[in-house]
Each structure stands twice: as structure tokens, then as C-alpha cells.
Amino acid sequence: MNVTKQICMHAQNRRNDLALITENECLDWMSFNAKVNAAANVLLSSGVLPKQRIAISVTDQLLHLFFSLGLARLGATQIALPPVDPVSTRAAIASKLGLSAVIVEDPREGLVGLKAITVDTKQLNNTPVNLDQSHSDNGDNSFLLLQSSGTTGDPKFSELTHQMAIDRLERYKTYFGTSSSDIFWPASRLDFVVAKQRVFHSLQSGAAICLVPGRAIDSSLLKFLDHSGVTMACGTPSHMAQILNASKGSISLPKLRVFEVRSATVSEALRKSFRDTITPGLYVAYATNEVEVACLADPELQTQVKDTVGCPVTGMAVEVVDSHGARVPNGEAGAIRISGAGVISQYLDNPEATAKSFKDGWFYPGDLGRFEGDSLVFLGRSDDLMIFDGMNIYPVEIENALMLHPAVSEVAALPLKHPRFQDAPVAAVILRSSVSADELLAHCKSILGNKSPKDIKILDKFPTNAM
């Protein structure tokens, strides 16, 4: 069992069909599979063995793609260590996980004490492409190391096996009807596990992929994506906003039938604007690295339930429970828990985090939500819940209310500790047009009443990290 097996089958049965589009070349399945084999042979000659843990730390996304597939084909386990991250951060992760080697473009970019495997494009073109077969086992072999940042800043890691990855693929096949006529574009870099998994899922399902690394999302990129025939994409709310800005109000991607958004809450205003301007095929996912997609909101459901993140997908059980693990009534807030095939069962070498998040066959992501009928509404992290004078306030409530104001571009709500009221809700905003803080406070008061923020600060930008 190996996650790259389907690619071999496409190379045999659809050898001349399109598999990859870049700005410089198009590859059919036969040529694409040959480059995967070339990458695997480079790794073999460098001493990579099944079950070894190998990091990918390259800037070139095509190199990342083929050596990621090559590692999977050999049965090695992989994790991305983005070159933009500090050396100290990458070195700490490498030590914690006991990595055997790191794949780099320049030997000087390696990590002290860790074997560096230097790769380049010439190797993919000049290395023998014959490989007897992909490494195969019963599916228990680890394919991918997943990283979850949590709320403490201390990363947690878990293993995704080939069997679990294939279970996730089977779920994915029920979402969008992906087929050989589709072309998929990942808005994020392959350093992000969401983009990597969706690229793998698209290739496994027979769809071609379109990679345009290093390009800003502007009108020229949208023209290239449309000219390439892109029909499916996945990204974040930030990518949605960039695409909207680049489109300048025109229908720039008429062939795009699916845009899957995840990784952060999506305001009602952004959803509507994107559906009206870019594609009616906007799908909002509730997902975590430990689970992949748990709930999915199709375009019709989004018009019926405000702020929905969808209904549980095929094969997944999602519940909202109280502190004792009992399901709460419909419409009442509680902790979200998830179970199903392809869900990890523990964190690596972290029994404390495992005990907190995995109980009686359920995964507790630390999120709050409520069900409206069969549809889940996400309310934020349990750590983020504010209690103001005995009243529960969820940051997402304030953020959604502020995003309804046409002048607001971005918003973050948070608590300030108060000696009398416990948590005083406040917010910070970035504006797209001029408005006073007093007007924004009045706007929130009209929507939220006593749950409205007690102060709003207008900022030029928010502090961000690599995530």
C-alpha cells in the first residue's frame, strides 16, 4: 500500500494526458511519473531507506513536489521545514523528531549535525527513471509527519500512515466529484500540509495540478490560471481577499467550479463577495491537521445557515458536548469532538497532550461550536472564550459583527483582564476606508448588544508569524 500507486496507474493508462502545468512546461502522466521515479532514485543513491524521517527544506516548489512524491514512493516519512523559518526552529524540530536527513538546494543550507541531501532540477532530468516498484506494506508505515501549533506555541507532532492517507482520500472523493477533467491550483505553498495533501488527493483522483510558485496573486496570475483551465483551488480567507482584489470586480476565473476555504473563520461578507464575483462554488471546510476535513458547507447550505462551517462529511462523526462528554441540545454551545477513519490517535512523545485531546475514541481539537440542525457553527478556540460579568462571549461573534461593516478589512477580538468583570472584550481592526472607532462601537452595539466590544483600536497592520 502506497499513496503514489495511483500515479503509476495513471502513467500506464493515461500516459499522454495532462498531469502538471507550470509557467514553463506541461507534463503528461508518463513524464510526470518518470520525474517522481528520478527523484526516488536520487534519494536511493543518497541512502534514504523506508521508515526514515526526512525533512524537505527547499524553496523551489517543483523540487518540493517531486521529492515529496519520491519520499512517499520509497516509504520514507517526510516533514516540511520551510527555509524561511529560523535555523534554530528547524534544528529544534529536527532534533525532536530524530530526522535522518534534510533535503536542500544548497549544502550550506543544511542543519548542523544532520545529513544534507542536495537536489536540483538537473537531477530530475538526468537521473535514471526506472524504479522496480513503490515501497509497499500493510499501510501502517508513516507517510507524513503532521504539525499542530496548539495555543501554547509548543508544536505537537503526529504520524499519518499510508492507510490513513488513503482513508482521507476516500473521504475527499465524496466532496467535489474531482475527475480527470479537473485542474487543481493550491494557493498555498507545499510547505503547508493542507496544500500538500490536496495536491496528493488531486493527483490520486486523476486531476492535473497547476503550480505557479513565487507569484503574487494579481491580475496576471488570474489570467494565467484561467488560461490554464484551472477548475479547482484551495486556500485561506486571506487568499480569497487577494483574489477579490486582483479581480477588480470582474469574473476572472469563469472555469473555477470549486474553491475550498479553510484554516480560519470566513466572514459572511467575504463569503458573499467571493460567491458573487469569483465563483458560486465556494466550499467552507472545518478541518484540522489531525482530522483533515470534518465538516463541509456547500454553497446552498451557506445561504441557509449563517456562519456555518458545514455538515459532517461522509464517514465522520462530529458532536458538540459539555464538560462531562454529554451531547448538548441543538443550538447550545459546547466542545467539538470528532471521530472517523484517517483521524490520528495520539501525538508523538507527548502523553500529556495526547491525554487532553484524545478520549474514548474521540479527538477533541479544543474548539467550541454549536449545531443548527445538522450544520455546525464554529465559535472559536475554547482557550479564547471570554467571560464578561458572567456572560460567555466568543471572539468570532465580535469578529463577524465587525466584518459586516463595509469599512473593515481585517479584525481580531480578544479579552483584556478586568478586576471586576473578568474579561473585557475588545477588538483591533484594519480598515479599507475611513471610519471612527465610535462608529464601529455603535455598529457592534446594534448587532451584539451587551456582547459588543468595550473598546476598538484601529491599526495599520497586525503582527503575524510564519503560520
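Up top is the structure.
Chemist: Before we move on, can you summarise the nonpolar core with the specific residues and values?
Modeler: Within the largest apolar cluster, 114 residues are counted, with the highest numbers of intra-cluster contacts made by Phe32, Leu65, Ile103, Trp185 and Leu225. In terms of residues, this core owes the most to one element, helix H3 (residues 61-74), which gives eight residues. With residues up to four places along the chain from it excluded, the contact list for tryptophan 185 reads Cys210, Val212, Ile217, Leu221, Leu225, Val230, Met232, Ala233, Cys234 and Ile243. If you look at the next biggest cluster of nonpolar residues, it comprises 19 residues, including Ile393, Ala407, Ala413 and Ile456.

Chemist: Just give me the short version of the side chain of threonine 231, but keep the residues and values in it.
Modeler: Considering the arrangement of structural elements, one finds threonine 231 in the loop between helix H8 (219-228) and strand E11 (232-235). Setting aside anything within four residues of it in sequence, one finds threonine 231 in contact with Asp182, Ile183, Lys255, Leu256, Arg257 and Val258.

Chemist: Please set out the pairing of strand E13 (residues 282-288) residue by residue, giving values where relevant.
Modeler: The side chains of a regular strand alternate between the sheet's two faces. The buried count for E13 comes to six of seven residues, which makes it a mostly enclosed element. Note that strand E12 (residues 258-261) and E13 share three bridges and pair parallel. Within E13, the position partnered with phenylalanine 259 by the bridge is leucine 282. Two strands pair when backbone bridges link them, and E13 and strand E14 (residues 292-297) are joined in this way by five bridges, in the antiparallel orientation. By the bridge assignment, alanine 287 is partnered in E14 with valine 293. Between E13 and E14, which follow one another and run antiparallel, lie three residues.

Chemist: How would you sum up helix H1 (residues 5-13)? Please name residues and give values.
Modeler: Burial in H1 covers these residues: Ile7, His10 and Ala11. On an axial view of H1, the arc spanned by its buried residues comes to 100°, and they lie on one face. Summarising the geometry of H1, the exposed residues directed more than 90 degrees from the buried face are Lys5, Gln12 and Asn13. For H1, the secondary structure elements touched by its buried residues are helix H2 (29-45), H3 and helix H7 (193-204).

Chemist: Can you lay out the packing of aromatic side chains for me, pointing to particular residues and giving the numbers?
Modeler: Using the criterion set out here, one finds eleven aromatic pairs in the structure. Taking 5.9 Å as the distance between ring centres and 70° as the angle between the ring planes, the aromatic pair formed by tryptophan 29 and phenylalanine 32 counts as edge-to-face. In this pair, tryptophan 29 and phenylalanine 32 both sit in helix H2, three residues apart, roughly one turn of the helix. We classify phenylalanine 32 as buried; its relative accessible area is 0%. When the centroid spacing of 5.8 Å and the interplanar angle of 35° are considered together, the rings of tyrosine 286 and phenylalanine 378 count as tilted. Taken together, the residues span a long stretch of sequence, with tyrosine 286 in strand E13 and phenylalanine 378 in strand E21 (residues 375-381) at a distance of 92 residues. What makes tyrosine 286 buried here is its relative accessible area of 5%. For phenylalanine 378, a relative accessible area of 16% corresponds to the buried category. A connected cluster of aromatic rings, assembled from ring pairs, spans Tyr172, Tyr175, Phe176 and Tyr283. Just above the ring of tryptophan 362 sits the side chain of arginine 337; from NZ or CZ to the centre is 4.3 Å. The ring of tyrosine 364 has lysine 359 lying over it, and the distance from NZ or CZ to the ring centre is 5.1 Å.

Chemist: Please give an account of the packing of H3 against H7 that cites residues and values.
Modeler: One way to put it is that H3 packs onto H7 with a least axis distance of 12 Å and a crossing angle of 70°. As judged from the angle between their axes, H3 and H7 are roughly perpendicular. Mapping the contact onto sequence places His64, Leu65, Ser68, Leu69 and Ala72 in H3 and Lys196, Val199, Phe200 and Leu203 in H7.

Chemist: Outline the pattern of salt bridges, supporting the account with residue identities and numerical values.
Modeler: On inspection of all chains with the given rule, the structure shows 22 salt bridges. In this structure, glutamate 23 engages arginine 215 in a salt bridge whose closest nitrogen and oxygen atoms are separated by 2.1 Å. Linking glutamate 23 in the loop between strand E1 (18-21) and strand E2 (26-28) with arginine 215 in the loop between strand E10 (208-210) and H8, this pair joins segments that are 192 residues apart in sequence. Under the relative-accessibility criterion, glutamate 23 is labelled partly exposed at 40%. Among the ionic pairs, aspartate 182 bridges to arginine 257, the shortest N-O distance being 2.9 Å. Remark: arginine 257 occurs in the loop between helix H9 (237-247) and E12 and aspartate 182 occurs in the loop between helix H6 (162-172) and strand E9 (183-186); sequence separation between them is 75 residues. On the basis of relative accessible area, aspartate 182 is assigned to the buried category, the value being 3%. Connected via shared salt-bridge partners are Arg198, Glu260, Arg262 and Glu292.

Chemist: Run through the pairing of E9, naming residues and quoting values.
Modeler: Residues Ile183 and Trp185 of E9 are buried on one face, and the alternating residues Phe184 and Pro186, pointing to the opposite face, are buried as well. As paired strands, E9 and E10 are joined by two bridges and run parallel to one another. By the bridge assignment, phenylalanine 184 is partnered in E10 with isoleucine 209. A crossover connection joins E9 to the parallel E10 through H7; in handedness this β-α-β unit is right-handed. Summarising the sheet, E9 and E11 pair through three bridges and their orientation is parallel. Bridge pairing in E11 links proline 186 to cysteine 234.

Chemist: Can you break down the side chain of threonine 178 residue by residue, with the values?
Modeler: By the secondary structure assignment, threonine 178 is in the loop between H6 and E9. Within the local environment of threonine 178, its side chain forms a polar contact with the side chain of tyrosine 172, the two groups lying 2.8 Å apart. Threonine 178 has contacts with Tyr172, Ser205, Ala207, Met232 and Arg257, leaving out every residue within four places of it along the chain.

Chemist: I'd like to hear about the environment of valine 199, residue by residue, with values.
Modeler: One can find valine 199 in helix H7. Classification of valine 199 by relative accessible area gives buried; the value is 1%. As for valine 199 and leucine 63, which are separated by 136 residues in sequence, their C-alpha atoms are 14 Å apart. Each residue touching valine 199, except ones within four places of it in the same chain, is listed here: Leu65, Phe184, Pro186, Leu190 and Ile209.

Calculation criteria
Residues numbered from 1 in each chain as written. Predicted model: local features only at pLDDT ≥ 70, side-chain atom pairs only at ≥ 80, totals over all residues. Heavy atoms only, no water. Core = buried A, V, L, I, M, F, W, Y, C linked by side-chain atoms within 4.5 Å. Buried < 20%, exposed > 50% of the residue type's maximum accessible area, 1.4 Å probe, protein only. Helix = DSSP H or I, 4+ residues; strand = E, 2+ residues; numbered from the N terminus. Contact = heavy atoms within 4.5 Å. Pairing = 2+ DSSP bridges. Arc of directions from axis to C-beta. Phe/Tyr/Trp six-rings, centres within 6.5 Å; stacked < 30°, edge-to-face > 60°. Lys NZ or Arg CZ within 6 Å of the ring centre and 35° of its normal. Axes fitted to C-alpha atoms, helices over the stretch in contact; angles between N-to-C directions. Parallel < 35°, antiparallel > 145°, perpendicular 65-115°, else oblique. Salt bridge = Lys/Arg side-chain N within 4 Å of Asp/Glu carboxyl O. Right-handed = clockwise from strand over helix to strand, strands pointing away. Polar contact = N/O pair within 3.5 Å; in protein donor to acceptor, adjacent residues only side chain to side chain.

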